[in-house]
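Chains, contacts and geometry: an overview
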Amino acid sequence: MSIEIEPLGAAAGARIHGVDLSQPLDEADFARVRRALLDHLVIFFPDQHLSPDEHKAFGLRFGTLNIHPHVKPLDGHPEVLNIVKEPDDRLNFGGGWHSDMSFLDKPVLGSILYAREIPRTGGDTMWANMCLAYDALSTGMKQMLAGLTAIHTAEDIYGAQGIYNNDDRRSMRTQAAEQASGRAEHPVVRTHPETGRKLLFVNEAFTTKFKGMTRAESRPLLDFLCQHATSAPFVYRHRWTENEVAFWDNRCTQHFALNDYAGQRRVMHRVTVNGDRPY
Ligand code: SIN
């Protein structure tokens, strides 16, 4: 089988043909997949048939695997998130713009999401390209952001008062609380460690303020940046097919799982690759 890369969106996205992820990739194919991830930010592998162990083995080619500090994993597989929305659930996992676990000192490199069961209609995921979002800012704004540090925390999402602990209409089990109040400091403008590109690194789920400012003082600029970063020209929206795998570069994208399929079931498995400290 030879690998073919089909670009999907102007902002991000490519479909990779000719890869069976249940088998170990040889070095040449691994290098092509890695290059495609850097070039397209989110890559899709249609029609894959993976056990949780094979899913993890693919992730391990890119680094160590993350064990989510707040979400109960798939039984027997601490490194696999079982992302489930039942027909009568109200809340979905990932239903707001975010970069996975930016509240960690070393946020994750990327996530590998496997579509096990998708709704007949709806349930798409959107990704936004943070390099394009940064490039589009004015010189004055870029200069102002260059010295800014942002505070990221899981508190508003996974804390005792967070959204996942205040809605019973959800199947996913999260562990609340005190541990969710930890915070990380990251530069607002980050440099991608492999491509060297500058990019915006704030998101509405986990970024709460700028260092040295109050939440209220930070809000207007943070709101502007989050809205700008996820505006239409920087976004690719994907309609899933069953058994498809997506791999996104979490360092330079944000994503949003749409919650528009009430009455239907959606099941995804996610393996997440650990990353580096942003600079
Ligand atoms: C996530 O945020 O990892 C979930 C994305 C999705 O279910 O589409």
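To start, this report covers the structure provided alongside it. (Residues numbered from 1 in each chain as written. Predicted model: local features only at pLDDT ≥ 70, side-chain atom pairs only at ≥ 80, totals over all residues. Heavy atoms only, no water.)

When you go through the chain residue by residue, the secondary structure sums to 6 helices and 16 strands. Taking 2.2 N^0.38 as the reference for a compact globule, 279 residues should give roughly 19 Å; the C-alpha atoms of the chain span a radius of gyration of 18 Å, in line with that estimate. Dimensions along the principal axes, computed over C-alpha positions, put the chain at roughly 50 × 40 × 35 Å. In the chain, once contacts between residues fewer than 6 apart in sequence are set aside, the share between residues at least 24 apart is 82%. About 11,900 Å² of surface is accessible on the chain, with carbon and sulfur atoms providing 50% of the total. Across the chain, the mean location of the 31 positive side-chain charges is 4 Å away from that of the 35 negative side-chain charges. (Helix = DSSP H or I, 4+ residues; strand = E, 2+ residues; numbered from the N terminus. Rg over C-alpha atoms; globule rule 2.2 N^0.38 Å. Contact = heavy atoms within 4.5 Å. Areas by Shrake-Rupley, 256 points an atom, 1.4 Å probe, with all protein chains shown as cover. Lys, Arg positive; Asp, Glu negative; His and termini not counted. Charge placed at Lys NZ, Arg CZ, Asp CG, Glu CD.)

The alternating pattern of strand 13 (residues 235–238) places Tyr236 and His238 on a buried face and Val235 and Arg237 on a face that is not buried. When strand 7 (residues 125–129) meets strand 13, the two strands line up antiparallel, connected through 4 bridges. Considered in strand 13, the bridge of Met126 is made with Arg237. (Buried < 20%, exposed > 50% of the residue type's maximum accessible area, 1.4 Å probe, protein only. Pairing = 2+ DSSP bridges.)

Counted according to the given criterion, the structure contains 0 disulfides. Counting only cysteine sulfurs, Cys252 is the nearest neighbor of Cys131, a cysteine outside any disulfide, at a range of 4.8 Å. With no disulfide of its own, Cys226 lies closest to Cys131 among cysteine sulfurs, the gap being 16 Å. For Cys226, a relative accessible area of 7% corresponds to the buried category. (Disulfide = S-S within 2.5 Å.)

So, on to the nonpolar core. Ranked by internal contacts, the top residues of the largest apolar core, which has 56 residues, are Leu145, Tyr158, Val188 and Leu200. Ranked by residue count, the leading element in this core is helix 6 (residues 215–229), at 5 residues. Residues within four places of Leu200 in sequence aside, it is in contact with Met130, Ala133, Tyr134, Leu137, Leu145, Val188, Leu225, His228 and Ala229. Among the nonpolar cores identified, the runner-up in size contains 25 residues, and Leu50, Phe62, Leu74 and Val245 belong to it. (Core = buried A, V, L, I, M, F, W, Y, C linked by side-chain atoms within 4.5 Å.)

What follows covers the sheet that holds strand 3 (residues 42–45). An order of 1-2-3-14-6-16-5-4 is seen for the 8 strands of this open sheet, with the pairing classed as mixed. Edge positions in the sheet fall to strand 1 (4–7) and strand 4 (73–74), since each of these pairs with one other strand and no more. When strand 2 (residues 14–17) meets strand 3, the two strands line up parallel, connected through 2 bridges. Bridge pairing in strand 3 places Arg15 opposite Phe44. Most of the contacts of helix 1 (residues 27–40) go to strand 3, to which it runs at about 130 degrees, and overall it touches strand 1, strand 2, strand 3 and strand 14 (245–249). (Axes fitted to C-alpha atoms, helices over the stretch in contact; angles between N-to-C directions.)

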